[in-house]
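These are the residues of each chain, in order.
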Amino acid sequence: MDRPLAAFDIESVPDTDAGCRILALEGDDATVMEAMRAWRSDASDGRTDFLQPPLHRIVAISLAWLDPESGKFSLGSFGRSCADEKRQLEEFFDVLARPRRAPRLVTWNGNAFDLPVLRYRAMLHGVAAPFFYRTDGEWKYNNYHGRYHDMHVDLMDVLAGYGASDRLGLDLFARLQGLPGKTVTHGADVHVHVLAGEDETVRAYCELDALNTLLLYLLWAYHRGKVDTPALRRHLDTIRATLAAPQAKPAWQEYGRELAGWPAWLPPQET
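Figured I'd write up the structure that's included with this text. The model shown is predicted, which means the values in this text are computed figures rather than measured ones.

### Thoughts on the side chain of S12
Checked against the element boundaries, S12 lands in strand β1 (residues 5-14). The class for S12 is buried, based on a relative accessible area of 15%. A distance of 2.8 Å separates a polar atom in the side chain of S12 from a polar atom in the side chain of H56.

Next up, the structure:
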């Protein structure tokens, strides 16, 4: 691997301001969110109540960072709370504004959801990110927006052959590969936690989704011959140590305990 990996995930809720302004809905946030989902269900003839990307408000952006060169790993979320969407966006894009060794973005369904939502919300808040759209020099043929480039790897899309096969959800595929999968809560309940002011629950949930994505990418990199056995073991040991640290969040520690011995096919290190 030639550059840092930045596996990220976002969590979002219906944008109640848009619901009131665009759809003329009224009521408190909980009422408007419910009405927006009902509107979407009606507009789609009952096929889905999941709102289109422009109607989402970001409440968490989490990042699992791994630098193969230095061995550094970190896990966390941007901003201070679920309410400071603009600050989260600014801090996220700052990570990409690196003149040297810009990170490779890794997502699960990022082309269809995460990246569009980031673009829409950044435009709404006036967050400029020209470096995110670089197409000069070496970026001409490999950038963050080309579907078949690898500066952004939408792992769900890649593994499904860009739509040739059915796409799997992150939780199902992670569990199939022996990982704990989604923990802490469920995606359908994120808005409930936000309305209750339970920001740390939302952020921990998002962080572990980012971690699931990073770990699945490492498996894929091993499969492709981009990571050898010693490097894979080294990266996993670093990740486990971070999750087991005394200052780590309880949700991280619980996930880390289930990560012991994963993957089962990895031979034990010789002593």
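Having put the structure on the table, let's press on.
### Focus on the state of the cysteines
Every disulfide links exactly two cysteines, by a covalent bond between their sulfur atoms. One pass over the structure, following the stated rule, counts zero disulfides. Of the cysteine sulfurs around C20, a residue in no disulfide, the closest is that of C82, at 20 Å. The partly exposed category is assigned to C20, whose relative accessible area is 36%. A disulfide-free cysteine, C82 has its sulfur positioned 9.1 Å from the sulfur of C206, the nearest such atom.

### Brief notes about helix α9 (residues 229-244)
Under the 1.5 Å per step criterion, the end-to-end length of α9 is 22 Å for 16 residues, consistent within 8% with the ideal 22 Å. All of the buried residues along α9 are A231, L232, R233, H235, L236, I239, R240 and L243. Close packing links the buried residues of α9 with β2 (56-66), β3 (73-77), α8 (199-223) and α10 (250-258). Looking at where α9 begins, the residue whose side-chain oxygen comes 2.9 Å from the main-chain nitrogen of A231 is D228.

### Some remarks on the nonpolar core
General note: in soluble globular proteins, nonpolar side chains tend to be found buried as a group. Formed by 42 residues in total, the largest nonpolar core has its most connected members in L211, L215, L216 and I239. Of all the secondary-structure elements, those providing two or more residues to this core are β1, β2, β3, α5 (155-159), α6 (170-176), α8, α9 and α10. If you tally residues by element for this core, the top one is α8, at 12 residues. For I239, the contacting residues outside a window of four places in its chain are F73, L211, L214, L215, L218 and L259. Of all hydrophobic cores here, the second largest spans 27 residues; its members include F78, F92, F93 and F113.

### Let's talk about the pairing of strand β4 (residues 104-107)
Because side chains alternate across β4, one face comprises the buried residues R104 and V106, and the other comprises L105 and T107, equally buried. Bridging between β1 and β4 involves three bridges; their strand directions are parallel. The partner of A7 across the bridge, within β4, is V106. For the crossover from β4 across helix α4 (residues 110-125) to strand β5 (residues 152-154), the handedness is right-handed.

Calculation rules
Residues numbered from 1 in each chain as written. Predicted model: local features only at pLDDT ≥ 70, side-chain atom pairs only at ≥ 80, totals over all residues. Heavy atoms only, no water. Helix = DSSP H or I, 4+ residues; strand = E, 2+ residues; numbered from the N terminus. Buried < 20%, exposed > 50% of the residue type's maximum accessible area, 1.4 Å probe, protein only. Polar contact = N/O pair within 3.5 Å; in protein donor to acceptor, adjacent residues only side chain to side chain. Disulfide = S-S within 2.5 Å. Expected span 1.5 Å × (residues − 1). Contact = heavy atoms within 4.5 Å. Core = buried A, V, L, I, M, F, W, Y, C linked by side-chain atoms within 4.5 Å. Pairing = 2+ DSSP bridges. Right-handed = clockwise from strand over helix to strand, strands pointing away.

By themselves these figures say nothing about function.
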